[in-house]
Amino acid sequence: MNYISRDGIGQNVIFHGKTDSIIEDVVFKVVFDLTGIDDCQITSKSRHREIVEARQMVHYLLKEYSNFSLSKIGCTTLNDHSTVIYSIKNIKNLIEYNKVLSAYILKSKIVIEEKIKNHEKKLYLQTIR
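Being a predicted model, the structure only gives us computed values, none of them experimental. (Residues numbered from 1 in each chain as written. Predicted model: local features only at pLDDT ≥ 70, side-chain atom pairs only at ≥ 80, totals over all residues. Heavy atoms only, no water.)

What about the nonpolar core?
Nonpolar side chains in soluble globular proteins tend to end up buried together. If you look at the biggest cluster of nonpolar residues, it comprises 25 residues, and the most contacted ones within it are Val27, Val31, Ile42, Val58, Leu61 and Ile112. Looking at this core, the elements with two or more residues in it are α1 (20-35), α3 (49-65), α5 (81-97) and α6 (99-128). Of all the elements, α3 adds the most residues to this core, at eight residues. Those residues in contact with Ile112 that lie beyond four places of it in its chain are Val26, Val27, Val30, Leu61 and Tyr65. (Core = buried A, V, L, I, M, F, W, Y, C linked by side-chain atoms within 4.5 Å. Buried < 20%, exposed > 50% of the residue type's maximum accessible area, 1.4 Å probe, protein only. Helix = DSSP H or I, 4+ residues; strand = E, 2+ residues; numbered from the N terminus. Contact = heavy atoms within 4.5 Å.)

Here's what the structure looks like:
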């Protein structure tokens, strides 16, 4: 479910009224609401399990809902692209076995899609005024 298209110069092109920065803000907010771990902790070098799982959720959700490259996703959490690849694979595996994490991801997807729809409605209402 990618919402951003890139033009030939590498600039963001609005597609259905969404931009990557909005998606990024929504993902960080949703992960904070579900886990209680804020963006400062997510971008820290901490290796506490809860923080690592929240960081991996951010990587996974940004890959699902944005057109960010793996390097750009890594930049948002101060990690490199190989860490992002590992995070995405790890979350996909954990979803099958960890019911709590699976529920967090499912709730996250529902909330993100709802916030995107609300943002779309606001943009639509602004254009018809």
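Resuming the write-up.
So, α3
For α3, with 17 residues, the first-to-last C-alpha span of 24 Å sits near the 24 Å given by 1.5 Å per residue. In terms of residue burial, α3 counts as a mostly covered element, since twelve of its 17 residues are buried. For α3, every residue scored as buried is listed here: Ile51, Glu53, Ala54, Arg55, Gln56, Met57, Val58, His59, Tyr60, Leu61, Leu62 and Tyr65. Next to the buried residues of α3 lie α1, α2 (39-42), α4 (70-76), α5 and α6. (Expected span 1.5 Å × (residues − 1).)

Let's talk about the environment of Ile42
Looking at the element boundaries, Ile42 is found in helix α2. C-alpha separation for the pair Ile42 and Gln56, spaced 14 residues apart in sequence, amounts to 9.0 Å. Contacts of Ile42, omitting those with residues within four sequence positions, involve Phe28, Val31, Ile37, Ile51, Ala54, Arg55, Val58 and Thr77.

The quantities given are spatial measurements derived from coordinates; they are silent on function.
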